[in-house]
Amino acid sequence: MSNSKNTITPKQNQELISEKSLSTIEERLINGETLSEILKGNQYQCSLMKFYHYLKKNPEQEKRILEARKLGVQTLIDKLLQVFNYQEVESPNEILWIREKAKFVQWVAGKITDLYSDNKTIKQDIDTKMSISWEEPNDLIDVSAEDVSSSNDI
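The residue count restarts for each chain, going from 1 along the sequence in the order it is written. Predicted model: local features are reported for residues with pLDDT of at least 70 only, side-chain atom pairs are reported and counted for 80 or more only, and whole-chain, interface and lining totals are derived from all residues. Side-chain figures throughout are based on the complete set of non-hydrogen atoms in the structure, without hydrogens or water.

A few points about the nonpolar core
Thinking step 1. We define a nonpolar core as any set of buried Ala, Val, Leu, Ile, Met, Phe, Trp, Tyr and Cys residues linked to one another through side-chain atoms lying within 4.5 Å. Think of it in three bands: residues with accessible area under 20% of the maximum for their type are buried, residues over 50% are exposed, and the middle band is partly exposed, with areas taken using a 1.4 Å probe on protein chains only. The biggest cluster of nonpolar side chains holds 15 residues, and the ones touching the most others in it are I17, I25, L29, F51 and I65.
Thinking step 2. Labels follow the DSSP assignment, with helices taken as runs of H or I lasting at least four residues and strands as runs of E lasting at least two, numbered in each case from the N terminus. Of all the secondary structure elements, the ones that give two or more residues to this core are helix 2 (19-30), helix 3 (35-40), helix 4 (48-57) and helix 5 (59-86).
Thinking step 3. Two residues qualify as a contact provided that any one of their heavy atoms is within 4.5 Å of a heavy atom in the partner residue. With sequence-adjacent residues up to four places away left out, L29 is seen in contact with T34, L35, I38, I65, A68, R69 and G72.

Focus: the pattern of salt bridges
Thinking step 1. Note on definitions: salt bridges are taken to be side-chain nitrogens of Lys or Arg within 4 Å of carboxyl oxygens of Asp or Glu. Enumeration according to the criterion identifies 3 salt bridges in this entry.
Thinking step 2. R64 is the partner of E19 in a salt bridge, and the nearest nitrogen-oxygen pair spans 2.9 Å. Taken as a pair, E19 in helix 2 and R64 in helix 5 lie far apart in primary sequence, 45 residues in all.
Thinking step 3. The class for E19 is partly exposed, based on a relative accessible area of 46%.
Thinking step 4. Across the pair E33 and R28 runs a salt bridge, and its minimum N-O distance is 2.9 Å.
Thinking step 5. Take R28: its relative accessible area is 22%, and that puts it in the partly exposed class.
Thinking step 6. One salt-bridge network, in which partners are shared between bridges, spans E19, E26 and R64.

Spelled out as structure tokens, the structure:
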């Protein structure tokens, strides 16, 4: 028996998220909200799993959402930098909490984008062809005709 509750028909897939809703989701992701937070309300009438299924069927929208998530991580890092630079924290517990949040965001940032990663992929254009050619040597001296075996001819 199939589970029709989680199945999306092609018609539903096209109607699941409008362009305006997708733009709003992108904007909220860029502002640092998580996708689960955004879809939690009934505004989009879409579960997280249905949204992921929609993205699998629509690669262009998936790229847009992925890029918005990367920018959202950068937004969170900017917010943490503001906290470190401008907020006076007196409680040791708050300092530890902020430090842990910063470590988590740094870890996530390294996984999502290579902008904050220590393991950056280096793209190199390497030509792996090897060319071997044999040429006729024109400027070599032919020593095969000379007799150099005895030096007593002097």
